[in-house]
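Structural overview for review
Each chain, written out:
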Amino acid sequence: MSETKSFSSIETPGYVGFANLPNQVHRKSVKKGFEFTLMVVGESGLGKSTLVNSLFLTDLYPERIIPDAVEKQKQTVKLEASTVEIEERGVKLRLTVVDTPGFGDAIDNSDSFSAILEYIDEQYERFLRDESGLNRRNIVDNRIHCCFYFISPFGHGLKPLDVEFMKKLHSKVNIVPVIAKADCLTKKEILRLKCRIMQEIEDHGIKIYPLPDCDSDEDEDYKEQVKQLKAAVPFAVCGANTLLEVKGKKVRGRLYPWGVVEVENPEHCDFIKLRTMLITHMQDLQEVTQEVHYENYRSDRLAKGIKNKENGIIKPERDSIVPTQIVLTEKDRILQEKEAELRRMQEMLAQMQAKMQAQQ
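Everything numeric in this text was worked out from a predicted model, so none of it was measured. (Residues numbered from 1 in each chain as written. Predicted model: local features only at pLDDT ≥ 70, side-chain atom pairs only at ≥ 80, totals over all residues. Heavy atoms only, no water.)

What follows concerns the pairing of strand β1 (residues 34–41). For β1, a buried count of 6 out of 8 residues is recorded, marking the element as mostly surrounded by other parts of the structure. Taken together, the 7 bridges between β1 and strand β3 (residues 91–99) define a ladder with parallel strand orientation. Across the sheet, residue Val40 finds its bridge partner in β3, namely Asp99. In the sheet, β1 pairs with strand β4 (residues 146–151) via 4 bridges, with the strands oriented parallel. The residue bridging Val41 from the neighbouring strand is Tyr149, located in β4. (Buried < 20%, exposed > 50% of the residue type's maximum accessible area, 1.4 Å probe, protein only. Helix = DSSP H or I, 4+ residues; strand = E, 2+ residues; numbered from the N terminus. Pairing = 2+ DSSP bridges.)

Structure follows, in structure tokens:
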């Protein structure tokens, strides 16, 4: 009587089974869930909050109090992080949106980026410490994976503040330029403004997030999609959370005396293209953050720490971040204490066993 073959790999010659590895990765990723942090930067009144709520179909700012004109005069740049758990078809996304109220609203904006730069560095430093710590399994990734930079539609291109800010930020985070309130402009004006902005970005040597090139084996539809997304940069968008009825169909849009601007209509604005870019390239945005921006920060920190050690500097400056060497030394001290405690327990156990044997 022959043995029953219960595995399909035995029945299929030449088949090992590692083709199922992507399914394993998919199941594990879905079970764990995803984390993504988006920063939105721009002057007040450009519709940042409305656009973010429209993108993710949620209300990230239910208790926000909008300051009046008097309060805005005294307001400085502060950062507000809002986190929401979104679930769609069993896939969980922990989305954190970092808003920057007060940016660009002052008369003198020369110091308006310092708080934003400090916040980005703080997240990198926190991740570096967690990586060097004892509990590395449950690290929460709060690094900024993408930054939507909102450009006013009322100017003739980039302002000096826009240029200066993006030049300071482009080596730390993935910048995606966005033309706000695109419903204020005609199609010709939008096209002209896009060309002007891209020319100025190139002239000033600003590095914005480059959409990855398609491989030769990708399907034609995906290649065409990426081509259209690259051509749409900077994305001209407008947001709305109001449902309106147009030709018997419910759409999200803005009602004007001359008609309705449909947010999700590609003929009206680039909202769908921006959302497609963010969702389809979310993994790539995270990889670029990890492999380029975070690695640059990490190598700089380690180099500074080694230099401080060689110069005999142990105590950091008042406003600087604690050197990595001090973190590592603290880790080593904890490990040594635990090892010493373990040795003491082993010695006590050995003494107890010796006594028991002597009594027998």
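Read from one edge to the other, the open sheet built from 6 strands follows the order β2-β3-β1-β4-β5-β6, with strand pairing classed as mixed. With one partner strand each, in any of the chains shown, β2 (80–88) and β6 (235–236) form the two edges of the open sheet. Where strand β5 (residues 175–179) and β6 come together, 2 bridges link them in parallel fashion. Following the sheet pairing, Ile179 is matched in β6 by Ala236.

All right, on to the pairing of β3 then. In terms of strand pairing, β2 meets β3 through 9 bridges, oriented antiparallel. Counterpart to Glu80 in the pairing with β3 is Asp99. If you look at the hairpin formed by β2 and β3, you'll find 2 residues sitting between the two strands, and Arg89 has a positive phi there, around 55 degrees.

To continue, consider the packing of aromatic side chains. Scanning the entire structure with this criterion turns up 4 aromatic pairs. Aromatic pair Phe127 and Tyr294: ring centres 5.2 Å apart, planes at 85 degrees, arrangement edge-to-face. Of the two residues, Phe127 sits in helix α5 (residues 114–132) while Tyr294 sits in helix α10 (residues 282–310), which places them 167 residues apart along the sequence. There is no split in this pair, since Phe127 and Tyr294 are both buried. Through successive ring pairs, a cluster of aromatic residues spans Tyr124, Phe127, Tyr294 and Tyr297. Against the face of Tyr294 rests Arg143, its NZ or CZ located 4.8 Å from the ring centre. (Phe/Tyr/Trp six-rings, centres within 6.5 Å; stacked < 30°, edge-to-face > 60°. Lys NZ or Arg CZ within 6 Å of the ring centre and 35° of its normal.)

Of all the 9 residues making up helix α3 (residues 48–56), 8 are buried; the element is thus mostly covered by neighbouring parts of the structure. Restricting attention to buried positions, one finds in α3 the residues Lys48, Ser49, Leu51, Val52, Asn53, Ser54, Leu55 and Phe56. Tucked inside the fold, the buried residues of α3 contact β1, β2, β3, β4, β8 (249–256) and α9 (271–280). In the stretch just after α3, Leu57 is the one whose phi turns positive, near 50 degrees. (Contact = heavy atoms within 4.5 Å.)

The next thing to look at is unusual backbone geometry. Here Val233 and Pro234 are connected by a cis peptide whose omega angle stands at -5 degrees. Among the structural elements, Pro234 can be located in the loop between α8 (220–232) and β6. Even without glycine at this site, Lys181 takes up a positive phi of about 50 degrees.

Turning our eyes to something else, we now look at the UniProt feature "site: Important for dimerization" (unreviewed entry) in the chain. According to UniProt, the "site: Important for dimerization" (unreviewed entry) feature falls on Phe154. As for its placement among the helices and strands, Phe154 is situated in the loop between β4 and α6 (160–169). (UniProt positions renumbered as here; feature names shortened; annotations may be inferred.)

Position of Arg301 relative to the elements: it lies in helix α10. One polar contact links Arg301 to Glu125, side chain to side chain, over a distance of 2.9 Å. (Polar contact = N/O pair within 3.5 Å; in protein donor to acceptor, adjacent residues only side chain to side chain.)

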